[in-house]
Amino acid sequence: SKVTLEVYSISGERIALLVNENQSAGFYSVNFMNKNISSGVYFYRINAINNATGNQFSSMKKMILLK
């Protein structure tokens, strides 16, 4: 599937694109190490589109970044 993982500020501005590649099914982890971003509330969105069937998954969640 084509997978994207993006991080947004509370105002809706995209501040990071962490994943943008084809991935097979499984478990993955991503390090989000950006010293230019302050502590606060952010949102992340993951999208996955199955290349064979066109089925799509999308989820947006809130996260709190503490430094």
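Right, let's walk through the structure included here. Not measured: the values here are computed from a predicted model.

## Some details on the environment of G12
Looking at the secondary structure, you find G12 in the loop between β1 (2-8) and β2 (14-22). Taking the C-alpha atoms as reference points, G12 and F43, 31 residues apart in sequence, are found 8.4 Å from one another.

## Here's the deal with the pattern of salt bridges
Proximity of charged atoms lets side chains of opposite charge pair with each other. Applying the stated criterion to the full structure yields two salt bridges. Here E6 makes a salt bridge to R14, at a shortest N to O gap of 2.9 Å. With a relative accessible area of 46%, R14 lands in the partly exposed category. Between E6 and R45 there is a salt bridge, with the nearest N and O atoms lying 2.8 Å from each other. With E6 in strand β1 and R45 in strand β3 (residues 40-49), this pair connects stretches of sequence that are 39 residues apart. The class for E6 is buried, based on a relative accessible area of 8%. Here the salt bridges do not stand alone but share partners, grouping E6, R14 and R45 into one network.

Conventions we followed
- Residues numbered from 1 in each chain as written.
- Predicted model: local features only at pLDDT ≥ 70, side-chain atom pairs only at ≥ 80, totals over all residues.
- Heavy atoms only, no water.
- Helix = DSSP H or I, 4+ residues; strand = E, 2+ residues; numbered from the N terminus.
- Salt bridge = Lys/Arg side-chain N within 4 Å of Asp/Glu carboxyl O.
- Buried < 20%, exposed > 50% of the residue type's maximum accessible area, 1.4 Å probe, protein only.

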